Amino acid sequence: MTKRIALIGSGLIGCGWAVVFSRAGWDVAFHDIKPGRADQAVEDTKASLENLESCGFLESAADCAQHLFSVKSLDAAIEGATFVQENVLETPEEKLTVFEELDRKVPKDVTLGSSASTIPASAFTEQLEGRERCIIVHPCNPPYLVPLVEIVPAPWTAQATTDYCIKLMTDVNLVPILLHKEMYGFVLNRLQVALVNEAMHLVGKGVASATDVEKTLKNGLGLRWSFMGPFQTMDLAAPTGFKEYATKFGHSYRNMGKELGVAEEWSTDAIDQVDQFLRDEVPLDKLKERGQWRDRKLMKLAADGED
Ligand SMILES: NC(=O)c1ccc[n+]([C@@H]2O[C@H](COP(=O)([O-])OP(=O)(O)OC[C@H]3O[C@@H](n4cnc5c(N)ncnc54)[C@H](O)[C@@H]3O)[C@@H](O)[C@H]2O)c1
């Protein structure tokens, strides 16, 4: 039997999921409330598939593209769906509206996933009759090249739903992690926010230019972090490993931690400086092309990192 995913919301992340699932042989139904968006999503997904094929990351973009189709209504999207993934705006109200309708209409044995990147499922599923089949399945962008996916059950999510999603994500070649409790922002975004807030703070305070902060990640931290995490990085930064590192440097982390600007607002000045740097690098009308460039870079990295 052909497996079929219904994508409710067909923007950036909907298209990312479409690559992941069509690559794994699933049919993909796009639905969006914005007229014409689901059709455009088919075209955007084809462009990503072609980029993957041209770099040898996919045997046939055309074969995958045959699995993609756009539909005009949510009812048509969920018909025959084996899995439903919501990708609408990041507000509890929007998610609740969609989940109420999905829970009423989708057969009870079908799992309802949400791409929410910060909001836990308990914020919009508590009152649903089928709340045990609702769960956060939070991908990275683009999910077809950055494979981590966060599985975040609500307190009432059934174990079978969680197990199903972990297996499903593994089957479609992603790398799932499981959160043992809900927390706003989950793991990936909390780590990202700590770092990005401090980056904005450093620019806003005039400590370094946007160009140099970007270089610090690109030519410094990011190089190591592209193939190992911060724990292994520390383990290799002291002759006898992590415990020595913690003894030697733990107090510096504590001291710096006290003065980090991670809870401060982004200043208008910092936003302007970072924007100026980015527009000098890539004009707005070239952003889509830059996205394809990013994908090609990620493919090279993935090709090199297979040991
Ligand atoms: N952009 C990212 O990097 C990223 C990464 C991971 C997760 N997410 C999450 O994925 C979700 C979608 O984000 P995005 O970046 O794709 O946003 P987006 O704005 O590109 O797409 C959202 C789409 O949902 C549609 N939509 C809104 N309400 C709808 C409804 N009721 N029914 C059907 N379609 C509806 C919109 O028309 C739009 O096309 C958000 O929860 C976001 O936090 C985003």
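Being a predicted model, the structure only gives us computed values, none of them experimental.

**Details of the overall build of the protein**
For step 1, the next point in the chain: Within the protein one finds 13 helices and 8 strands.
For step 2, the next point in the chain: Overall, the C-alpha framework of the protein stretches about 55 × 45 × 45 Å when taken along its three principal axes.
For step 3, the next point in the chain: Here the protein holds 307 residues, and the buried ones make up 32% of them.

**Thoughts on the site of the ligand**
For step 1, the next point in the chain: Surrounding the ligand, one finds 25 residues, the nearest of these being Gly9, Gly11, Ile13, Ser117 and Asn141.
For step 2, the next point in the chain: Sorting the residues of the shell around the ligand by element identifies helix H1 (12–23), helix H5 (92–105) and strand E6 (134–139) as the ones contributing at least two each.
For step 3, the next point in the chain: Per-class residue counts for the shell around the ligand are 9 nonpolar, 11 polar and 5 charged.

**A closer look at the packing of H1 against helix H2 (residues 37–54)**
For step 1, the next point in the chain: Contact geometry of H1 with H2 gives a least axis separation of 9 Å together with a crossing angle of 55°. Between H1 and H2, the angle is such that the two are oblique. The handedness of the crossing between H1 and H2 comes out as right-handed. Taking contact as the criterion, the partners of Gly14, Cys15, Ala18 and Val19 in H1 are, on H2, Ala41, Asp44, Thr45, Ser48 and Leu49.
For step 2, the next point in the chain: Broken down by class, the residue content of the contact of H1 with H2 amounts to 5 nonpolar, 3 polar and 1 charged.

**Notes on H5**
For step 1, the next point in the chain: With 14 residues, H5 ought to run about 20 Å at 1.5 Å a step, and its terminal C-alpha atoms sit 20 Å apart, in line with that.
For step 2, the next point in the chain: Every buried residue of H5 is accounted for by Lys95, Val98, Phe99 and Leu102. Buried residues of H5, viewed axially, fall in a sector of 100°; they line one side. H5 presents Glu93 and Arg104 as exposed residues on the side facing more than 90 degrees away from its buried surface.
For step 3, the next point in the chain: Check the buried side of H5 and you find it contacts strand E1 (4–8), strand E4 (83–86), strand E5 (111–114), helix H6 (122–125) and E6.

So, how was this worked out
- Residues numbered from 1 in each chain as written.
- Predicted model: local features only at pLDDT ≥ 70, side-chain atom pairs only at ≥ 80, totals over all residues.
- Helix = DSSP H or I, 4+ residues; strand = E, 2+ residues; numbered from the N terminus.
- Buried ≥ 20, exposed ≤ 12 C-beta atoms within 10 Å, placed from the backbone.
- Near = placed C-beta within 6 Å.
- Nonpolar A, V, L, I, M, F, W, Y, C, P; charged D, E, K, R; others polar.
- Axes fitted to C-alpha atoms, helices over the stretch in contact; angles between N-to-C directions.
- Parallel < 35°, antiparallel > 145°, perpendicular 65-115°, else oblique.
- Left-handed = near helix turned anticlockwise from the far one by under 90°.
- Contact = placed C-beta atoms within 7 Å.
- Expected span 1.5 Å × (residues − 1).
- Arc of directions from axis to C-beta.

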